[in-house]
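Below, each chain spelled out in residue letters.
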Amino acid sequence: MSMNQSNNQIIKKNLLIICRGAGDLATGIIHRLHRAGHRVIALETDYPAAIRRQVSFCEAVYDGSAAVEGVTARLVPALADAETDTETYSGINDTPAAHIASEKWDSSAIEAVLEAGEVPLLIDPKGESIALLKPDVVVDAIIAKKNLGTTIDMAPLVIGVGPGFTAGQDVHLVIESMRGHNLARIITDGMAQPNTGVPGNIAGFTSERVIHAPAAGYIHDVRKIGDIVQKGDEIARIYPDKESYDNALSEYVPVNATITGIIRGLIREGYYFRKGFKIADIDPRESELTNCFTISDKARSIAGSVLETVSAFEHGVKIY
């Protein structure tokens, strides 16, 4: 694989695909595309707030790398970051200013990660690297329920996952993300179903299995992902300020399990959030422990449709 250093672009051997977002659903997409032989780069925000952290490549923002089902994503710092200490970030939203302000990346560093058979992950919430890298495909899998800046001219093929995108206007295609009969349907005209705000039904539980923060503050995780809990068990504590958190003071708001089951998702230790923020997810099926550490059926379904559209594009089959 050669590299054109003069124009700072990656020379493409296979399709180069950029995925905006690296949460659990996006990770399913990235994983599938990578396993299919494509060169995939993930873009994330400064402070990812994944709940299903064990299956989210965005954890590489904090830890430097993240492995999910045999595939590794590796953080490629922006140039300003590379000149400073490369220590990992604590997750307490105290990232250095350079980490936030950096706008440029070294293509050779990205290329090295790709050549190592891994997924480069860039901290680029605005997608500024897209113009630099000139991908064949852009997938927006941020799952923000709205478009955060993706445009149809970002690449020859632009795909939006979930509500907030209109096929033929801001993206070429939309992939349905709502559970049900139409999950993962490829939409060539129009939008995905609007967000209902109601989580998918698992063993008869919907809203009850998802926990939102009863107060603003910094979280201390009392339990961990994979733990079996009873309804009412304390799983975390929310401290109102940094001093209270750092010193484990008695002033905190407990977070209790809303149902009996397995903690499938729990936000990262020390993360700061506002009241009402989604912070945990409990699976009522106590026998499904492995689900905490593997890509979900929903993510795999959506990933299959993304791969289908990419394959059609690669072979010149027009589907939009």
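Look above for the structure.
What you see is a predicted model; the values in this text were computed from it and never measured.

Chemist: Let's hear about the sheet that holds strand E16 (residues 253-256): which residues, and what values?
Modeler: Strand order across the open sheet formed by 4 strands is E16-E15-E13-E18, with antiparallel pairing between neighbours. With partners counted over all chains shown, the strands left at the sheet margins are E16 and strand E18 (272-273), one partner each. With 4 bridges connecting them, strand E13 (residues 217-221) and strand E15 (residues 234-239) associate as antiparallel partners. If you follow Ile219 over to E15, its bridge partner there is Ile238.

Chemist: Tell me about the pairing of strand E3 (residues 16-20), and please be specific about residues and values.
Modeler: With 5 of its 5 residues buried, E3 lies for the most part within the structure. Side-chain alternation along E3 places Leu16, Ile18 and Arg20 on one buried face and Ile17 and Cys19 on a second face that is also buried. Pairing between E3 and strand E4 (residues 39-44): 5 bridges, direction parallel. The residue bridging Ile17 from the neighbouring strand is Val40, located in E4. Of the crossover connections in this fold, the one passing from E3 over helix H1 (residues 24-35) to the parallel E4 is right-handed. Pairing of E3 with strand E8 (residues 137-140) involves 4 bridges; the strand directions are parallel. By the bridge assignment, Ile17 is partnered in E8 with Val137.

Chemist: If you had to explain helix H5 (residues 107-115) to someone new, which residues and values would you point to?
Modeler: Every buried residue of H5 is listed here: Ser107, Ile110, Glu111, Val113 and Leu114. End-on view of H5: buried residues confined to an arc of 160°, all on one side of the axis. Directly beyond the C-terminal end of H5, a positive phi value near 80° is found at Gly117.

Analysis parameters
Residues numbered from 1 in each chain as written. Predicted model: local features only at pLDDT ≥ 70, side-chain atom pairs only at ≥ 80, totals over all residues. Heavy atoms only, no water. Pairing = 2+ DSSP bridges. Helix = DSSP H or I, 4+ residues; strand = E, 2+ residues; numbered from the N terminus. Buried < 20%, exposed > 50% of the residue type's maximum accessible area, 1.4 Å probe, protein only. Right-handed = clockwise from strand over helix to strand, strands pointing away. Arc of directions from axis to C-beta.

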